[in-house]
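Here are the chains, one letter per residue:
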Amino acid sequence: MIINRLKKDTMNIRQIILTIAFLMVCIACENRRSDVQITILPEVVSTGFIGNGAEWDPYDEAEAWGSTISDEDWNKLFSRLDYMKPQYIRCMINSPYRYYNVETGKYDKNRNIESISRLLKYCTEHDITVIYGEYNPPTWDMKQDQEWIDMSVDYLNYLVTDLGFSCIKHFVIFNEPDGIWASTNGDYELWKNVLFRFHEKMKTYPGLLEKVSFAGPDVVVNYKNPVSPYDAEGWVKQTVSDVDSLIGIYDIHAYPGQGQVRAGEYKEILAKYKRHIPKGKKILLGEAGYKYWNPADSILGAEYRHRVENHPFTKGSDCNMFVYDYFYGLDMPLLAMEVMNSGYAGVAAWMLDDAMHSKNDSGKTEDIKIWGMWNILGEEVFSKPDEENIRPWYYTWALMCRYFPAGSEILKTSLSDIAQGIYAVAGRYKGLFTIALVNVRNEDKEVVLNIPKDLNGVQLFKYEEQNMPANQYGFPIPVEQKLDLSKYFSIKIKAQSFVLLTQLQE
């Protein structure tokens, strides 16, 4: 009887142990299910990636503002770009500050050539793809004038052929021609006819068309000019139908709201445009940033209006006052992730530097366009030396440029259903991997990554509000180096933070 009781007690203990073990397994499984699962697949969504970069215009107004860019400031710019390694630059000019003197009506290709030469020399020496162009003709009534076409093409040839700035690969004849703010005022037929005429003129310069093709249509996503028969998608569709043989690369501009992108809606919008692009051609975002006009961004919109009220050098006509804020360093790489995962060839952030534009390029400093990673003329023109400092979003944007080099293969990512608020992009360059992650949730999250192969020698970068490791120049430094990661590993991403893992060591 005692033996039977002992057997019974032993069985009960065993059952209790098994039950506890089962419960622990269930808890572990439940916790695992609550982790965000991200799988990096070998499937390639973008080949021949051009890369990410910025709008970097050649300081057309600097002299009108009372100061040229000094050698010291050029060197500061070059040092920051050396770390950032932009793969793609969009560089646009205002011809009245360059080759055309409005007062005399004379063309002079050497006029104010120094700043654009220094910019393009840097891009050429660093193998950066440049989309170059003109915002508008010298005067709006010249928009169909053969004189403008002749001058513009001669100036392009001077830059590319005579001065040897081979970085210029594509040419934009009008900035945002669908806009009510453009000299074309949404007239597609005018734009198309002028494009043909530019092409004919370029044919008269030996070898120019082999070096430079057109970028277009340069229209603004989700915009429709009231007097135009086409919205932006219609412009893209008509461009493909009518002038695809002239277009070397398709480009569009995007200025979404934060709520729209963080909700995961923007990939579908990007897909609408991508579907019209012929096989073998590429599309990229020629300009991109955020605006806060949507109802979902009403709080940010109100704060924006508050910040520009009585501001000493902007009225807020065309700004993003949140470029000073930490969260913009999450939103910009998040937008790049959506662009890259949608099969686009890259994106240029609008813009590198506040010291490039005033409203309507008036030459006045009372309403400048604050969008940049700094203002290199903060001290000289605005008596605010702190404006020359690197702003937070440079930190993450530099990483998105530097570690997704031109030629990368962008790989397909698959995220579990509970991944809302967490985004990822993965690239492979010469067999080496880079993975970027952003968490815009208000809670820390464990992310489990399943990758195609073990990763050795990985650098880990983190961008957290109270933790942005940087060297003495403000450039990001890794928090860990030479990590070896298995094909299946987990990493904690703090709330409202960015993480980049890369095998690249450049």
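### Notes on the overall build of the protein chain
Along the backbone of the protein chain there are 13 helices and 19 strands. Taking 23 Å as the expected radius of gyration for a compact globule of 506 residues, we find that the protein chain reaches 26 Å, a close match to that expectation. Dimensions of the protein chain, computed from the C-alpha atoms along their principal axes, are close to 120 × 50 × 45 Å. Within the protein chain, the proportion of its 506 residues that are buried is 57%. For the protein chain, long-range pairs separated by at least 24 residues make up 76% of all intrachain contacts whose partners lie at least 6 apart in sequence. Within the structure as shown, the protein chain displays about 21,400 Å² of accessible surface, and the carbon and sulfur contribution to it stands at 50%. Charged side chains in the protein chain number 54 positive and 68 negative. The centres of these two groups are separated by 9 Å.

### A look at the environment of Cys-123
By secondary structure assignment, the location of Cys-123 is in helix H4 (residues 113-125). As a C-alpha pair, Cys-123 and Gln-87 span 36 residues in sequence and 9.1 Å in three-dimensional space.

### Digging into unusual backbone geometry
Omega for the peptide link from Gly-216 to Pro-217 comes to 0 degrees, which places this bond in the cis form. Among the secondary structure elements, Pro-217 is positioned in strand S8 (residues 213-220). In this model, Lys-85 sits at a positive phi of 50 degrees, which is unusual for a non-glycine residue. Relative to the assigned elements, Lys-85 resides in the loop between helix H3 (71-84) and strand S3 (88-93). Not every positive phi belongs to a glycine, and Glu-176 is a case in point at roughly 45 degrees.

### Concerning the state of the cysteines
One pass over the full model with this rule turns up 0 disulfides. Of the cysteine sulfurs around Cys-123, a residue in no disulfide, the closest is that of Cys-167, at 5.1 Å.

### Remarks on the nonpolar core
Counting 148 residues, the largest nonpolar core has Trp-56, Tyr-59, Met-84, Tyr-132, Ile-168, Trp-397 and Phe-498 as the members making the most contacts within it. Listed in part, the 24 residues of the second largest apolar core include Leu-411, Ala-426, Leu-437 and Ile-491.

### A short note on the packing of helix H6 (residues 188-202) against helix H8 (residues 232-243)
At a minimum axis separation of 12 Å, H6 and H8 run at an interaxial angle of 35 degrees. Considering only the axes of H6 and H8, their crossing is right-handed. Contacts between H6 and H8 involve Tyr-188, Trp-191, Lys-192, Leu-195 and Phe-196 from the first element and Trp-235, Gln-238, Thr-239, Asp-242 and Val-243 from the second. Looking at the contact of H6 with H8, its residues break down into 6 nonpolar, 2 polar and 2 charged.

### Let's talk about the side chain of Asp-297
By the element assignment, Asp-297 lies in the loop between strand S10 (283-288) and helix H11 (298-308). Lacking a salt bridge, the buried Asp-297 has Arg-262 as its closest oppositely charged neighbour, with an N-O distance of 7.9 Å. For Asp-297, the side chain forms a polar contact with the main-chain nitrogen of Gln-258, separated by 3.1 Å. If sequence neighbours within four positions are ignored, Asp-297 has contacts with Gly-257, Gln-258, Gly-259, Lys-291 and Tyr-292.

### A word on the sheet that holds strand S6 (residues 129-134)
Read once around its circumference, the closed barrel built from 8 strands follows the order S2-S3-S6-S7-S8-S9-S10-S11, with strand pairing classed as parallel. With direction set aside, neighbouring strand axes in the sheet form an average angle of 30 degrees. Bridge count between strand S9 (residues 247-254) and S10: 5 bridges; the pairing is parallel. Paired with Ile-252 across the two strands is Leu-285, which belongs to S10. Most of the contacts of H6 go to S8, to which it runs at about 160 degrees, and overall it touches strand S7 (168-172), S8 and S9.

### Concerning the sheet that holds strand S14 (residues 432-439)
The strand order across the open sheet built from 9 strands is S17-S16-S19-S14-S13-S12-S1-S15-S18, with neighbouring strands paired in mixed fashion. The open sheet is flanked by strand S17 (480-485) and strand S18 (488-493), the only strands paired with a single partner. Across this sheet, the average inter-strand angle for adjacent strands is 30 degrees, counted without regard to direction. Relative to S18, strand S15 (residues 445-450) runs antiparallel, the two sharing 6 bridges. Within S18, the residue paired with Glu-446 across the bridge is Lys-492.

### Points about the pairing of strand S13 (residues 422-429)
Each regular strand carries side chains that alternate between the two faces of the sheet. Most of S13 is tucked away: 8 of the 8 residues are buried. Neither face of S13 is exposed, since Ile-422, Ala-424, Ala-426 and Arg-428 on one face and Tyr-423, Val-425, Gly-427 and Tyr-429 on the opposite face are all buried. Bridge count between strand S12 (residues 409-415) and S13: 3 bridges; the pairing is antiparallel. The residue of S13 that forms the bridge with Glu-409 is Arg-428. In this sheet, S14 lies alongside S13 in antiparallel orientation, the contact comprising 8 bridges. Within S14, the residue paired with Ala-424 across the bridge is Leu-437. Linking two consecutive strands that pair antiparallel, namely S13 and S14, is a turn of 2 residues; a positive phi of about 50 degrees is found at Lys-430 within it.

About the cut-offs
All residue numbers refer to position in the chain's written sequence, counted from 1. Totals for whole chains, interfaces and linings use all residues, but because this is a predicted model, local features are given only for residues with pLDDT of at least 70 and pairs of side-chain atoms are given and counted only at 80 or more. The basis for every side-chain value is the complete set of heavy atoms in the structure, and neither hydrogens nor water enter the calculation. The numbering of helices and of strands both runs from the N terminus, where a helix is a DSSP run of H or I of at least 4 residues and a strand a run of E of at least 2. Here the globule rule is a power law, 2.2 Å times the number of residues to the power 0.38, and the radius of gyration is based on C-alpha atoms. Whether a residue is buried, partly exposed or exposed follows from its accessible area with a 1.4 Å probe, protein chains only, as a fraction of its type maximum: under 20%, in between, or over 50%, in that order. Contact criterion: two residues are considered in contact whenever any of their non-hydrogen atoms come within 4.5 Å of each other. Here the open area of atoms and residues is found with the Shrake-Rupley method and a 1.4 Å probe, where only the protein chains shown may cover a residue. Positive charges come from Lys and Arg alone, negative charges from Asp and Glu alone, with His and the N- and C-terminal ends not counted. To locate a charge, take atom NZ for lysine, CZ for arginine, CG for aspartate or CD for glutamate. A pair of cysteine sulfur atoms is labelled a disulfide when the two atoms are within 2.5 Å. Note on terminology: a nonpolar core comprises buried Ala, Val, Leu, Ile, Met, Phe, Trp, Tyr and Cys residues joined through side-chain atoms within 4.5 Å. Here an angle of 0 to 180 degrees is reported between the N-to-C directions of two axes, which are lines fitted to C-alpha atoms, with helices fitted over the stretch in contact. In a left-handed crossing the near helix is turned counterclockwise from the far helix by less than a right angle, and in a right-handed crossing that turn is clockwise. Only Asp, Glu, Lys and Arg are considered charged, only Ala, Val, Leu, Ile, Met, Phe, Trp, Tyr, Cys and Pro nonpolar, and every remaining residue, Gly among them, polar. Each salt bridge in this description consists of a side-chain nitrogen of Lys or Arg and a carboxyl oxygen of Asp or Glu lying within 4 Å of one another. Throughout this description, a polar contact denotes any pair of N or O atoms lying within 3.5 Å of each other; where both atoms belong to protein, one of them has to be capable of donating a hydrogen while the other can accept it, and for residues adjacent in sequence the pair is counted only when both atoms sit in side chains. Here, any two strands with at least 2 DSSP bridges between them count as paired.

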